[in-house]
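Listed below are the residues making up each chain.
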Amino acid sequence: MAQNPTFVITMADGREMKGELYPETAPQSVGNFIALANSGFYDGLIFHRVIPGFMIQGGGYGEDFAEKDAGAIYGEFAANGFGANDLHHAPGVLSMARTSDPNSASSQFFVMHGDAKYLDGQYAGFGKVTEGMDVVNRIATTPTRTVGWYEDVPCETVMIEKIERV
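Report on the accompanying structure.

Criteria and cut-off values
Residues numbered from 1 in each chain as written. Predicted model: local features only at pLDDT ≥ 70, side-chain atom pairs only at ≥ 80, totals over all residues. Heavy atoms only, no water. Salt bridge = Lys/Arg side-chain N within 4 Å of Asp/Glu carboxyl O. Buried < 20%, exposed > 50% of the residue type's maximum accessible area, 1.4 Å probe, protein only. Phe/Tyr/Trp six-rings, centres within 6.5 Å; stacked < 30°, edge-to-face > 60°. Helix = DSSP H or I, 4+ residues; strand = E, 2+ residues; numbered from the N terminus.

### Considering the pattern of salt bridges
Alright, step 1. Enumeration according to the criterion identifies four salt bridges in this entry.
Alright, step 2. The closest approach of N and O atoms between Glu16 and Lys18, which form a salt bridge, is 3.8 Å.
Alright, step 3. We classify Glu16 as partly exposed; its relative accessible area is 34%.
Alright, step 4. For Lys162, the salt bridge goes to Glu164, with nearest N and O atoms at 3.8 Å.
Alright, step 5. Note on Lys162: relative accessible area 29%, which makes it partly exposed.
Alright, step 6. Glu164 gets classed as partly exposed once you look at its relative accessible area, which sits at 33%.
Alright, step 7. In the salt-bridge network here, residues are joined through shared partners; they are Asp13, Arg15 and Arg138.

### Focus on the packing of aromatic side chains
Alright, step 1. Overall, the coordinates contain 14 aromatic pairs when judged by the stated rule.
Alright, step 2. With centroids separated by 5.9 Å and ring planes inclined at 85 degrees, the aromatic side chains of Phe47 and Phe109 adopt a geometry described as edge-to-face. A residue pair is termed long-range when its members are at least 10 positions apart, and Phe47 in strand 3 (residues 47–51) and Phe109 in strand 6 (residues 109–112) qualify at 62 residues. There is no split in this pair, since Phe47 and Phe109 are both buried.
Alright, step 3. On the basis of an interplanar angle of 50 degrees and a centroid distance of 4.7 Å, the ring pair of Phe65 and Tyr150 is categorised as tilted. Pair noted here: Phe65 is in the loop between strand 4 (55–58) and strand 5 (93–96) and Tyr150 is in strand 9 (residues 150–154), with a separation of 85 residues, a long-range link.
Alright, step 4. For Phe65, a relative accessible area of 18% corresponds to the buried category.

Laid out in structure tokens, this is it:
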């Protein structure tokens, strides 16, 4: 049996989240994440949305809230006709963020802080943090504010130094 690809998200403060990706569950989402990580796309981006007990979201904005976007990919989840993805949105799970358009996922992802079974079959889970949930917990409890129309924005910048596939 082949080993799942692994990743490391290194934060600007040096803390790390490590995990594995599930290509058998969401092959295009995993391929997209790896390609973006390998190209340096995520370097210097922020976690721009933080909701304790739910999730932390990043991968789409710089510190100045300038949007950085990649091309949209197919939504690999049951409600979009993709039946192979049965990953439960439990703490640590990585999933693709999207708009109401089921095929609008691009570069943004979220890491579950709580359990959200209602997201199962509605969003493309594609990996899981296996080490560094203390980092997820720390980010999830960061005080937040509203900036323009953006809600749940950390009061202090939570910057991704880099994401690597290892």
